[in-house]
Amino acid sequence: MKKLVVFSGAGLSADSGIQTFRDKDGLWENHNVDQIASIATWKQNLTTVHRFYNARRAQLAEVEPNAAHLMLADWQRRYGAVLLTQNIDDLLERAGCTDVVHLHGDLRAMQCKACGNQWPVGYAAWDPSEDRCPKCSSRKGVKPGVVFFGEAAPHYRTMWRTFTELTTGDVLVVIGTSGKVIDIGSVAAGSRATTILSNLEPSSEASMPGAPVAEDRHFHHVLHGRAAAIAPDLDSLIQTLMVP
Ligand code: NAD
Ligand code: ZN
């Protein structure tokens, strides 16, 4: 049976009202990414870091999955799609997806760097001046359960294995990612699978100099437009490609 693997990024949830990461000069919801997502500096910015992720959790409680999330749930039912996401939100799960691999962690979890404990907090706020790790009582060791820059990402091993195992006839769909954090453009270029990129706009390294970027030329098929609006076209393409 053909395999279908979907690798998604912030653009997947943009139509639900969650801002992407780097669309505006490395800012995420008007914050400097280095200040709110760095393992080297988060303790120095403890209040800002928790204020930022508290706001993300509050926002997440208010938004809904969009047509693209629902389509991916459908692909899981129809084709057993494997879902790898860089997103830390729970919109795929709320659309009915299961076993989603969250490469960069879970916004609804907290993590204690002092003892390794990880636990769910839902959409609740964390007060770094009061709240403590339920296991070891550390206060300053508690960070959001998301993977910061410079921190190990435990699911990357699964991700690389999944990409490596793709072969002729399999399909790799990439939705809503710049490819700057994980170089998915190079993965697509080197894959034997049929590759599809669905992003808001055309992208080439010239349009985003510096770090690697998922360029249109790396993929067999490219669809431009908002993830939710483009979903029916993408769905038709997948139906064609997934015919046994
Ligand atoms: P990115 O911001 O670097 O790239 C987003 C991509 O999505 C861009 O290519 C952009 O053109 C495209 N895009 C924007 N609006 C879109 C839309 N409506 N429909 C389709 N595509 C659209 O994001 P990234 O590559 O995912 O890297 C982001 C990092 O930031 C990840 O590590 C993730 O953990 C974190 N992040 C997560 C969320 C979330 O969980 N929803 C949101 C912001 C950032
Ligand atoms: Zn602890």
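Summarised in this report is the structure supplied together with it.

Conventions used here
Residues numbered from 1 in each chain as written. Chains lettered and ligands numbered in written order. Predicted model: local features only at pLDDT ≥ 70, side-chain atom pairs only at ≥ 80, totals over all residues. Heavy atoms only, no water. Salt bridge = Lys/Arg side-chain N within 4 Å of Asp/Glu carboxyl O. Helix = DSSP H or I, 4+ residues; strand = E, 2+ residues; numbered from the N terminus. Buried < 20%, exposed > 50% of the residue type's maximum accessible area, 1.4 Å probe, protein only. Bend = angle between axes of the 7 residues up to and from the residue. Contact = heavy atoms within 4.5 Å.

### Description of the pattern of salt bridges
Line of reasoning, step 1. Summed over all chains, the structure comprises 10 salt bridges.
Line of reasoning, step 2. The shortest N-O distance in the salt bridge between Glu151 and Lys113 comes to 2.6 Å. Separated by 38 residues along the polypeptide, Glu151 in the loop between β8 (142-146) and α6 (156-165) and Lys113 in the loop between β6 (105-112) and β7 (118-120) bring together distant segments of the chain.
Line of reasoning, step 3. Under the relative-accessibility criterion, Glu151 is labelled buried at 14%.
Line of reasoning, step 4. The network of salt bridges with common partners includes Asp74, Arg77, Arg78 and Asp235.

### Things to note about helix α8 (residues 227-241)
Line of reasoning, step 1. Approximately 35 degrees is the largest bend angle found in α8, and it occurs at Asp233.
Line of reasoning, step 2. Turning to α8, its buried residues number three or more, namely Ala227, Ile230, Ala231, Leu234, Asp235, Leu237, Ile238 and Leu241.
Line of reasoning, step 3. Residues of α8 that are buried in the fold lie against β1 (4-8), α1 (10-14), α4 (67-79), β9 (171-175), β10 (194-199) and β11 (221-224).

### Focus on unusual backbone geometry
Line of reasoning, step 1. Even without a glycine there, the phi angle at Asp99 is positive, about 50 degrees.
Line of reasoning, step 2. Residue position: Asp99 is located in the loop between α5 (91-94) and β5 (101-102).
Line of reasoning, step 3. Taking relative accessible area as the criterion, Asp99 reaches 71% and is therefore assigned exposed.
Line of reasoning, step 4. Positive phi, close to 70 degrees, is recorded for Ser137, a residue that is not glycine.
Line of reasoning, step 5. Judged by its relative accessible area of 42%, Ser137 falls in the partly exposed class.

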